Amino acid sequence: MQTYHAGKYDIAVIGAGHAGIEAALASARLGCKTAIFTINMDAVGNCPCNPSIGGTAKGHLVREIDALGGEMGKTADEAFLQMRMLNRGKGPAVHSLRGQIDRLKYAAIMKHKLELQQNLELRQAEITDIRRTDDSDYPWELTTQMGAVFTFKKVIIATGTYLGGRIFVGEVSYEGGPDGTFAATRFGKSLRDLGLSIRRFKTGTPARVLRSSIDFSELDVQCGDEPPEPFSFETENLGENKVVCHISWTNEKTKKIILDNIHRSPLYGGMIEGIGPRYCPSLEDKIMRFADKERHQLFIEPCGENTEEMYLQGMSSSLPEEVQLQFYHTIKGLENAVVMRPAYAIEYDCVDPLSLDATLQFKDFAGLYGAGQFNGSSGYEEAAAQGLVAGVNAALSVKGQEPMILERSGSYIGTLIDDLITKGANEPYRMMTSRSEYRLVLRQDNADKRLTPTGRRIGLVDDIRWNNFLRKQEEIENELYRVQHTTLSPTDELNDILVSRETSKVSTGVTIADLLRRPQISYKDLSPVDKNRPDLHRSVFEQVEIEVKYAGYIKKQLDRVEQMERMQEKDLPSDIDYKEITGLRLEAQEKLNLIKPRNIAQASRISGVSPADISVLIIWLTRNQKKGGAQG
Amino acid sequence: MSEKTIAAISTAQGQGGIGIIRISGEKAIEIADKVFVAASGKRLEALEGYRASYGKVMENNEMLDEVVAIVYRAPKSFTGEDVVELCCHGGLYVTRSVLRVVLENGAVLAEPGEFTKRAFLNGKMDLSEAQAVMDIISAQSRQAVRCAVSTRTGALKKRIDDIKNDLVSLAGHLCAWADFPEEDIPEVTEDAITEILETAKEKITKLLSEYETGQAVIHGIDTVIAGRPNVGKSTLMNLLSGFDKSIVTEIAGTTRDVVEETVIVGDVTLRLCDTAGIRDTDNPVEKIGVDRTKERLSTCSLVLAVFDSSQELTDEDIKLIESLEDVPSIAIINKTDLERKLDINTISKKIKHIVYISAINGDGKQELTDAIAEVSGTKNFDPCAGILSGERQRAAAQKAQNSVIEAHNTLSSGYSFDAVTVCVEDAIDALLELTGENVSDAVVDDVFHSFCVGK
């Protein structure tokens, strides 16, 4: 094929899904000349699965991305249809925001943001080849299917499910990307030739059905919160929720149809080799694995304001189309459903994330980064979080600056990346609150406090936002001081409130903080007697209340964070050959050489590295430091 | 340096001339000042390094022992950190009590080898010693693997896994319920959580109490023989000694340690001490004896209260009975060969276990043996059942217990489940630490527990 040289850029981003978008925006905003490639210009920022952003732990990720200066939260706010804070009754650690969004609007806004971004070029092209050059300034070369050859300082791969994508619907199977797009068919071979270890994962999505064919009359309605809370710390006001969702259930008939046809599922028939996520199972998975369960819940969610497509959350399947139709029609409300797009499974290429470091750069390929599903994760939010980290680090590296490494003790993003690069992924990795051992500290409400200073340091937080942030933190401090030092008298009014909340009366003056510490008492309860309460944003009150009420538990977790940080301080140089450290067991030597942990804390989380091995490492480090002075 | 401040008894435990409690770490001096009151009134923080101070270790305004405190300032100490050594008068009981007070005031119990480890990490050991440390650790990890498959460790692990699995499934359920709010996961009820926590608490309590029993089996039970003069205490002493004459040993006691004899009764070792009777007296010398008896009665692990069957209860007997209400005790009715005048009912109201003996013809030996086994908990004690071994394991079990109790309190005071989950996870961590499976940060400190070099 005739090729031509198409130009030099600092950074290439391959793929314009949720990972690619954050990577490209961050890189361009940090001043790097960036090119982002998409296989289909109309699929930029596509949400090929659920029409929603956030959810448990994912909502935390969106807030963290926003706090660092990423885009996902703002765009989700702009395209929002309905907001719900999940787990309200289960405690602040597990509160998670989820927004139903207009997926077409979301994609359009994101595409427009890329188009308007300075330093950024958005191009439709399938990358077919990657090659190392002899030019040390521009060591990476990408070739498109049209023969354009670009050179780059850094390349970020964010290919999602497009890379080697293969669709399965029953016995039908063909090469393809999500939502009827083309798959990237040649790039995978080029990556294998380069020496990356590529493997196959699979995921799936449910059907979309026509709204007017659904009978909503007997279905439960799920409404949004009033007032709806935004994702972004910068969004002032969202307005009102625009849609409702509906709930229905599968039944014995549904189950029977699926069981009768299970041999026609490509997964159970052995056609799919890729490993699917346990956490996002297809309906046939749920029925096979939880055989005694009589029914499964499904949510019917609108895909947008200007479309009649409805998403059947919880009904992912790879059974043949006619079997799908049969079982949808057994479900209450869907008896006459018209399926606009059938459910399908998709299998795709991804890498073993153990080959990445904490900046998401390949350990063996300087200047090459991975993000999103390519790294073995699942979910828009997980992808966006990694895209941001890869984009920021590629840019910082171009600029010769220190990398941005987020620790697991400080964020869900750090936890996500640490899990991927330390434990690897045996199935598509989904974020969950239970993955964080610090979840009372890493809350979605304080993501700005935890991460905006980092966003500021790297250059993604402008002056206006920074000043707003500082003011909010000051308000929180002041209000904390006020509630701890303001005494309320034991008036009848106060005691009436206490009794009405089923907690004991007081006979002497008591500080507001003392009362807030009672689980039964909220800020709002005390407003009639708290006469001098300043007029502050509800997010300020929320944080003060949590900090006061959960002080003892937060302290416990902070102690753990501190312990972890001590171990993080013990750096392990990346050029250690662990085979040469006597005393380490063979398995530990191999795992350590593979993963190359940054410090003792990360090493201690590697499976196959025992406490005894860790002691040997500490001793080795100490000896090394004594011997070599600055070394290590 | 932000490591925890550690403390331990650093002399061989037993009947040495003195016992030293060593405290090392950032807060060593601060903690020592909380428990130590110098005769001069001068606080330890006012002292330079290598200075000693004479005074008392206090607990709740009561003196535990007279000690000499020696202050070492970092880096000039064994560990390279601030160190305080409290030199007590020896005797297991006193030394342990002082350690307990130190731990209650903010120090954590040092792992075996931890002082050495700190000495090493703070550059107090040379390179050849460092190599030796590494060799020992690698050898020990192989040994640990062998130990793990031994029956006894296996039995303990099974018991702990049993507790842990319940808590893990509770935590798992709570997490799933929080992580998948719309997946139709059955709600976790407060009652269900309470039940699991209570079961876990019971099981850990059992582990802990068996540890105490095990300690009693190994080290002997502090036993007081009490009773007014001439009821037959010395006869009883002789009777007990007669169980196995060859085992009777003289203990090199100190002025404080009143242990006079160690005897083995059945499977149980008793460390016996005789006491003065309890009665009101104006005689200053006798009063000291009476006070000491009262103190002994409140601190020992078993009281053998001796009464004379042939006489009516005296005021003194009644005072003794009343003082034994919360103390593990056995009433021994002596002189059953004579005509009974004693009112047994008054005794049996307060003391559950009553044994009749006649020291002269040897009646009641077996009954006494059985009663001792029952009261001391050794009757149903199976050393192969998997018991905690060593203070490190006990401390981890205690930590798990505390977290389970905290989870329970958190739940019952109305906090949200995420706070409960945090406590449950702490408990699981402590149990994992106990079985050596936890590769978390806390365990890094833990690894050094079994080696001791460079001293």
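Calculation criteria
- Residues numbered from 1 in each chain as written.
- Chains lettered and ligands numbered in written order.
- Predicted model: local features only at pLDDT ≥ 70, side-chain atom pairs only at ≥ 80, totals over all residues.
- Helix = DSSP H or I, 4+ residues; strand = E, 2+ residues; numbered from the N terminus.
- Buried ≥ 20, exposed ≤ 12 C-beta atoms within 10 Å, placed from the backbone.
- Contact = placed C-beta atoms within 7 Å.
- Rg over C-alpha atoms; globule rule 2.2 N^0.38 Å.
- Domains from an automatic or database assignment.
- Nonpolar A, V, L, I, M, F, W, Y, C, P; charged D, E, K, R; others polar.
- Pairing = 2+ DSSP bridges.
- Axes fitted to C-alpha atoms, helices over the stretch in contact; angles between N-to-C directions.
- Parallel < 35°, antiparallel > 145°, perpendicular 65-115°, else oblique.
- Left-handed = near helix turned anticlockwise from the far one by under 90°.
- Core = buried A, V, L, I, M, F, W, Y, C linked by C-beta atoms within 7 Å.
- Expected span 1.5 Å × (residues − 1).
- Arc of directions from axis to C-beta.
- pLDDT = per-residue confidence, 0-100.

Engineer: Explain the overall build of chain B to me, please; I cannot follow it from the model alone.
Structural biologist: Within chain B one finds 14 helices and 14 strands. Buried positions account for 40% of the 455 residues belonging to chain B. The contacts in chain B between residues at least 6 apart in sequence include a share of 67% that link residues at least 24 apart.

Engineer: I'm lost on the overall build of chain A in this one. Help?
Structural biologist: Per the secondary structure count, chain A includes 20 helices and 22 strands. For 632 residues, the compact-globule formula gives about 26 Å, and the C-alpha radius of gyration of chain A, at 26 Å, lands near that figure. Along the longest, intermediate and shortest principal axes, the C-alpha atoms of chain A span 85 × 75 × 50 Å. Relative to its 632 residues, chain A shows a buried fraction of 54%. Partitioning the contacts of chain A with sequence separation of at least 6, the portion at a separation of at least 24 is 72%.

Engineer: Could you clarify how one ought to interpret the domain arrangement of chain A in this entry?
Structural biologist: The figure often quoted for interface size is the accessible area lost as the parts come together. Residues and elements named next belong to chain A. Each assigned domain of chain A is listed with its residue range as follows: domain 1 (4-205 + 348-458), domain 2 (208-346), domain 3 (485-556) and domain 4 (569-628). For domain 1 and domain 2, the distance between their C-alpha centres works out to 26 Å. Counting from both sides, the interface comprises 48 residues of domain 1 and, opposite them, 49 residues of domain 2. Looking at the side of domain 1 that touches domain 2, the elements with two or more residues in it are β3 (52-54), α2 (58-68), α3 (72-78), β4 (80-86), β5 (96-101), α4 (103-116), β10 (166-169) and β12 (198-205). Class assignment of the residues belonging to the side of domain 1 that touches domain 2 gives a composition of 17 nonpolar, 16 polar and 15 charged.

Engineer: What exactly am I supposed to notice about the sheet that holds strand β13 (residues 208-210) of chain A here?
Structural biologist: The strands making up a sheet are joined through hydrogen bonds of the backbone, oriented either antiparallel or parallel. Residues and elements named next belong to chain A. Taken in spatial order, the six strands of this open sheet run β14-β15-β16-β17-β13-β18, and their pairing is antiparallel. In this open sheet, the two strands that pair with only one neighbour each are β14 (220-222) and β18 (339-341). Strand-to-strand twist of the sheet, defined as the mean angle between neighbouring strand axes without regard to direction, takes the value 35°. Pairing of β13 with strand β17 (residues 309-313), which is carried by three bridges, proceeds in the antiparallel orientation. Residue pairing for β17: Leu-210 is matched across the bridge by Glu-309.

Engineer: It is not clear to me how the sheet that holds strand β5 (residues 62-72) of chain B should be interpreted in this structure. Could you clarify?
Structural biologist: Residue and element names in this part refer to chain B. Strand order in the open sheet formed by seven strands is β3-β4-β5-β6-β2-β1-β7, with mixed pairing between adjacent strands. Pairing within the sheet leaves two strands with one partner each, and these edge strands are β3 (36-38) and β7 (108-109). Bridge count for strand β4 (residues 51-59) against β5 is nine bridges, and the pairing is antiparallel. Looking at β5, one finds that Gly-55 is bridged to Val-67. With respect to the sheet, helix α1 (residues 28-35) is in contact with β2 (19-24), β3, β4, β5 and β6 (83-88), its orientation differing from that of β6 by roughly 35°.

Engineer: In this structure, what is going on with the packing of helix α1 (residues 18-29) of chain A against helix α9 (residues 380-398) of chain A? I would like to understand it.
Structural biologist: Two packed helices can be described by the angle between their axes and the distance between those axes. Residues and elements named next belong to chain A. Where α1 meets α9, the closest approach of the two axes is 7 Å, and the angle between their N-to-C directions is 30°. By the criterion of interaxial angle, the relationship of α1 to α9 is roughly parallel. Classified by chirality, the crossing of α9 by α1 is right-handed. Counted together, His-18, Ala-19, Gly-20, Ile-21, Glu-22, Ala-23, Ala-24, Ala-26 and Ser-27 of α1 and Tyr-380, Ala-383, Ala-384, Gln-386, Gly-387, Leu-388, Ala-390, Gly-391, Val-392, Ala-394 and Ala-395 of α9 form the full contact between these two elements. Of the residues assigned to the contact of α1 with α9, the class counts are 13 nonpolar, six polar and one charged.

Engineer: Which parts of the structure should I look at to understand the nonpolar core?
Structural biologist: Generally speaking, nonpolar side chains in soluble globular proteins are found buried as a group. Core analysis: the biggest nonpolar cluster contains 180 residues, and Ala-12, Val-155 and Ile-156 of chain A have the highest contact counts within it. Those residues in contact with Val-155 of chain A that sit more than four places away from it in its chain are Ala-12, Ile-14, Ile-130, Trp-140, Leu-142, Gly-367, Leu-368 and Tyr-369 of chain A. Counting residues in each nonpolar core, the second largest holds 37 residues, with Val-231, Leu-272, Ile-332 and Ile-357 of chain B among its members.

Engineer: Is there a simple way to think about the pairing of strand β13 (residues 329-334) of chain B in this case?
Structural biologist: Here is the key point about a regular strand: its side chains alternate between the two faces of the sheet. Residues and elements named next belong to chain B. Most of β13 sits out of view: six of its six residues are buried. The pairing of strand β12 (residues 302-308) with β13 spans six bridges and is parallel. Within the sheet, the bridge partner assigned to Leu-304 lies in β13 and is Ile-330. Bridge count between β13 and strand β14 (residues 353-356): four bridges; the pairing is parallel. Its bridge partner being in β14, Ile-330 is matched across the sheet by His-353.

Engineer: Sorry, what's going on with the packing of α2 of chain A against helix α11 (residues 447-458) of chain A here?
Structural biologist: Residues and elements named next belong to chain A. Contact geometry of α2 with α11 gives a least axis separation of 7 Å together with a crossing angle of 35°. Here α2 and α11 pass one another in a crossing that is right-handed. Residues His-60, Arg-63, Glu-64, Ala-67 and Leu-68 of α2 touch α11, and the partners they reach there are Ala-447, Asp-448, Arg-450, Leu-451, Thr-452, Thr-454 and Gly-455. The class makeup of the residues in the contact of α2 with α11 is four nonpolar, four polar and four charged.

Engineer: Would you mind going over α4 of chain A with me for this structure?
Structural biologist: What sets the pattern is the α-helix's 3.6 residues per turn: residues three or four places apart point alike. Residues and elements named next belong to chain A. Helix length check: α4, at 14 residues, gives a terminal C-alpha distance of 20 Å against a target of 20 Å (1.5 Å per residue), a fit within 8%. Here α4 has its buried residues at Arg-103, Tyr-106, Ala-107, Met-110, Lys-111, Lys-113 and Leu-114. Relative to the axis of α4, the buried residues are bounded by an arc of 160° and lie together on one face. Along α4, exposed side chains directed more than 90 degrees from the buried face belong to Glu-115 and Leu-116. Tucked into the core, α4 has its buried residues touching α1, β2 (34-38), α3, β5 and β6 (120-124).

Engineer: Teacher, can you tell me more about the environment of Ile-300 of chain A here?
Structural biologist: Residues and elements named next belong to chain A. Assignment of secondary structure puts Ile-300 in strand β16 (residues 297-302). Sequence spacing of Ile-300 and Leu-219 is 81 residues, and the spatial spacing of their C-alpha atoms is 9.7 Å. Other than its neighbours up to four places away in sequence, Ile-300 contacts Ile-214, Cys-245, His-246, Ser-248, Met-310 and Leu-312.

Engineer: How should α1 of chain B be read in this particular structure?
Structural biologist: Turning to α1 of chain B, its buried residues are Ala-28, Ile-29, Ile-31, Ala-32 and Val-35 of chain B. Down the axis, α1 of chain B shows its buried residues gathered within 160° of arc, on one side only.

Engineer: I tried to follow unusual backbone geometry on my own but got confused; where do I start?
Structural biologist: For residues other than glycine, phi is negative in most cases, and the peptide bonds are mostly trans. In this model, Glu-226 of chain A is joined to Pro-227 of chain A through a cis peptide bond whose omega is -5°. As for its position among the elements, Pro-227 of chain A is in the loop between β14 and β15 (245-249). Omega for the peptide link from Ala-74 of chain B to Pro-75 of chain B comes to 0°, which places this bond in the cis form. Although it is not a glycine, Asp-179 of chain A sits at a positive phi angle of roughly 50°. Looking at the element boundaries, Asp-179 of chain A is found in the loop between β11 (172-175) and α5 (187-194). Since 16 C-beta atoms lie within 10 Å of it, Asp-179 of chain A is described here as partly exposed. Even without being a glycine, Glu-502 of chain A presents a positive backbone phi close to 60°. With respect to the helices, strands and loops of the structure, Glu-502 of chain A is situated in the loop between α13 (492-500) and β22 (510-511).

Engineer: Sorry if this is basic, but what is going on with the environment of Ala-16 of chain A here?
Structural biologist: Residues and elements named next belong to chain A. Structurally, Ala-16 can be placed in the loop between β1 (4-14) and α1. Exposure remark for Ala-16: the 29 C-beta atoms within 10 Å place this residue in the buried category. Sequence separation between Ala-16 and Thr-161 is 145 residues; the distance between their C-alpha atoms is 12 Å.

Engineer: Honestly, the environment of Glu-475 of chain A in this entry has me stumped. Any pointers?
Structural biologist: Residue and element names in this part refer to chain A. Here Glu-475 is to be found in helix α12 (residues 463-485). Look at Glu-475 and you get partly exposed, because 18 C-beta atoms sit within 10 Å. Along the chain, Glu-475 and Leu-536 lie 61 residues apart, while their C-alpha atoms are 7.8 Å from each other.

Engineer: Help me understand the confidence of the model for chain B in this model?
Structural biologist: For any part of a model where pLDDT is low, the fine detail of the predicted coordinates should not be relied upon. All names here are of chain B. With 71% of its residues at a pLDDT of 70 or more, chain B shows a mean pLDDT of 75. The least confident element of chain B, judged by mean pLDDT, is strand β9 (residues 249-250) at 32; the most confident is α1 at 94. Counting contacts from residues 243-259, a segment whose pLDDT is below 50, to residues more than four positions away or on other chains yields 27 contacts. In the predicted structure, residues 439-455 sits below a pLDDT of 50 and forms 60 contacts with residues beyond four places in sequence or in another chain. Overall fold confidence (pTM) sits at 0.78, and the ipTM for the predicted complex is 0.82.

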